[in-house]
Amino acid sequence: GGANGPYAYDLWRYDPVQNLWSARAALPDQGRVGAGGFSADGIGYVVTGRQLDQTLTNELWAYDPNTNSWSTKATMPGVVTCYPETYSVGNKGVVMGGHGVNTDPFACWYYTPGTDSWTALPNYVGDATWTGADMTIGDRIFAGLGQGSGNVYGDFYELTGLTLGIADITSA
């Protein structure tokens, strides 16, 4: 949904063999928009977002497809946000930037499932962004584009692994 809804909490699984969608356990919390997601060790994670009551949250929820159940995990440190850029790198999840009141649009964190803990990474060096384009290929993160402070950005960076060694690939 957009910045003002709809606020979703449902989860669906697609079966490509039967070409069918089936409902799974819904997130046992308020509906939300602008959440990020990543996967690690066979578990899906939903982090941050704007909740139905209009508050921003840094909650982290884990979905286990084997048990079709949700559990809460360590809340992401830092300023609450929505519309972050999120990535799966190895067995960790990376959350970068976002949008919200007093949000640090350059902040980067990674989550380690084995210890249920968050670690700060160096700040993102690109333009302050939310709703940007992002993807991972192996341990390489590609991030950029998006918007922030009323501007639309065309920068695009390669961030290597969890050290976030950054190279501007906009003109490469």
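Conventions we followed
- Residues numbered from 1 in each chain as written.
- Predicted model: local features only at pLDDT ≥ 70, side-chain atom pairs only at ≥ 80, totals over all residues.
- Heavy atoms only, no water.
- Helix = DSSP H or I, 4+ residues; strand = E, 2+ residues; numbered from the N terminus.
- Buried < 20%, exposed > 50% of the residue type's maximum accessible area, 1.4 Å probe, protein only.
- Contact = heavy atoms within 4.5 Å.
- Areas by Shrake-Rupley, 256 points an atom, 1.4 Å probe, with all protein chains shown as cover.
- pLDDT = per-residue confidence, 0-100.
- Pairing = 2+ DSSP bridges.
- Axes fitted to C-alpha atoms, helices over the stretch in contact; angles between N-to-C directions.
- Lys, Arg positive; Asp, Glu negative; His and termini not counted.
- Salt bridge = Lys/Arg side-chain N within 4 Å of Asp/Glu carboxyl O.
- Polar contact = N/O pair within 3.5 Å; in protein donor to acceptor, adjacent residues only side chain to side chain.

Side note on the overall build of the protein
Here comes step 1: From N to C terminus, the protein includes zero helices and 17 strands.
Here comes step 2: Out of the 172 residues belonging to the protein, those deemed buried represent 42%.
Here comes step 3: Partitioning the contacts of the protein with sequence separation of at least 6, the portion at a separation of at least 24 is 39%.
Here comes step 4: If you sum the accessible surface of the protein, you get close to 8500 Å²; carbon and sulfur atoms cover 54% of it.

As for the confidence of the model for the protein
Here comes step 1: When pLDDT is averaged across the protein, the result is 80; 81% of the residues are at 70 or more.
Here comes step 2: Here residues 164-172 is modelled with pLDDT under 50, and outside its nearest four sequence neighbours on either side it reaches 26 contacts, counting other chains as well.

Topic: the sheet that holds strand E10 (residues 108-112)
Strand pairing in a sheet takes place through backbone hydrogen bonds and is either antiparallel or parallel in direction.
Here comes step 1: With antiparallel pairing, the four strands of this open sheet are ordered in space as E8-E9-E10-E11. Strands at the two margins of the open sheet, each flanked by one partner only, are strand E8 (85-89) and strand E11 (117-121). Strand-to-strand twist across the sheet, computed as the mean angle between neighbouring axes with direction ignored, equals 25 degrees.

Re the side chain of Arg 24
Here comes step 1: Tracing the chain through its elements places Arg 24 in strand E2 (residues 20-24).
Here comes step 2: The buried charged residue Arg 24 lacks any salt bridge, with Asp 64 as its nearest oppositely charged partner at 7.9 Å.
Here comes step 3: Separated by 3.1 Å, the side chains of Arg 24 and Tyr 63 make a polar contact.
Here comes step 4: Setting aside chain neighbours within four positions, we find Arg 24 in contact with Leu 11, Trp 12, Arg 13, Tyr 63, Pro 65 and Asn 68.

Observations concerning the pattern of salt bridges
Here comes step 1: A full pass over the atoms with the stated rule returns two salt bridges.
Here comes step 2: A salt bridge links Arg 32 to Glu 59, with the shortest nitrogen-to-oxygen separation between them at 2.9 Å. With a gap of 27 residues between them, Arg 32 in strand E3 (residues 32-33) and Glu 59 in strand E6 (residues 56-64) connect regions that are remote in the sequence.
Here comes step 3: Through salt bridges with shared partners, one network takes in Asp 29, Arg 32 and Glu 59.

Examining the environment of Ser 149
Here comes step 1: Here Ser 149 is to be found in the loop between strand E14 (147-148) and strand E15 (151-152).
Here comes step 2: Taking the C-alpha atoms as reference points, Ser 149 and His 99, 50 residues apart in sequence, are found 9.6 Å from one another.

Focus: the pairing of strand E7 (residues 69-73)
Here comes step 1: Sheet analysis places E6 next to E7, joined by five bridges and oriented antiparallel. When the bridges of E7 are listed, Ala 62 appears paired with Ser 71.
Here comes step 2: In this structure, the hairpin formed by E6 and E7 is closed by a connection of four residues, where Asn 68 is found at a positive phi of approximately 55 degrees.

Observations concerning unusual backbone geometry
Here comes step 1: Even without glycine at this site, Asn 19 takes up a positive phi of about 55 degrees.
Here comes step 2: One can find Asn 19 in the loop between strand E1 (11-15) and E2.
Here comes step 3: Here Asn 19 falls in the exposed class, since its relative accessible area comes to 53%.

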